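The chain contents come next:
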Amino acid sequence: MPVSEQGVTLDRYMLIPRVLIFLTRGSRVLLLKGASTKRIWANKYNGVGGHLERGEAVLSAAWRELEEETGLTATSVQNLHLCGTVVVDTEQNPGIGMYIFTGECPQGEPKASREGTLEWVPMEAIEEYPTVEDLPIFIGRIRRMKAGEAPFSARSFYR
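A. Representation of unusual backbone geometry in the model. Residue Pro94 is reached from Asn93 by a cis peptide bond, and omega for that bond is -5°. Relative to the assigned elements, Pro94 resides in the loop between β5 (78–89) and β6 (95–104). You will see that Asn43, though not glycine, has its phi angle at about 60°, which is positive. Among the residues examined, Asn43 registers a relative accessible area of 38% and is labelled partly exposed. The phi torsion at Asn79 lies on the positive side, around 60°, for a residue other than glycine.

In structure tokens form, the structure reads like this:
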């Protein structure tokens, strides 16, 4: 079906797709402490991830971002899967469409990148770290998920 028949117009909500990944190792989660030189989230903890490239599938983007930001590959990560989607309402176009992934990383050590340093953080201590605002909410939701549960869906917005 051509774009002209899809109802795509500039007055409709548009989203920039991004991936966000939280790897676990036991009761710890791998977080990226943003480099002090970053324009946004400098010195704050977040999952790893980034934008989808044109023509890239969401899962492919997650694997690419994971390797770029941590050096970890499919040989170290088990069961990487979509666990949630979040629409970030920016109050203007475009908004952000976030695909959240989780997986287990029982072996291998991540390598820092230009994005920042990586740290295995105890999940019960997340509140003690300077994180991006919604990170504790996502980690809490992921921790409560049961194996095989459908991905959650949420909306976030700026105050």
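B. Highlighting the packing of aromatic side chains. Overall, the coordinates contain one aromatic pair when judged by the stated rule. On the basis of an interplanar angle of 80° and a centroid distance of 5.1 Å, the ring pair of Tyr45 and Tyr129 is categorised as edge-to-face. Pair noted here: Tyr45 is in strand β3 (residues 45–46) and Tyr129 is in the loop between β7 (116–122) and α2 (135–144), with a separation of 84 residues, a long-range link.

Cut-off values and rules
- Residues numbered from 1 in each chain as written.
- Predicted model: local features only at pLDDT ≥ 70, side-chain atom pairs only at ≥ 80, totals over all residues.
- Heavy atoms only, no water.
- Helix = DSSP H or I, 4+ residues; strand = E, 2+ residues; numbered from the N terminus.
- Buried < 20%, exposed > 50% of the residue type's maximum accessible area, 1.4 Å probe, protein only.
- Phe/Tyr/Trp six-rings, centres within 6.5 Å; stacked < 30°, edge-to-face > 60°.

On their own, these measurements won't tell you what the molecule is for.
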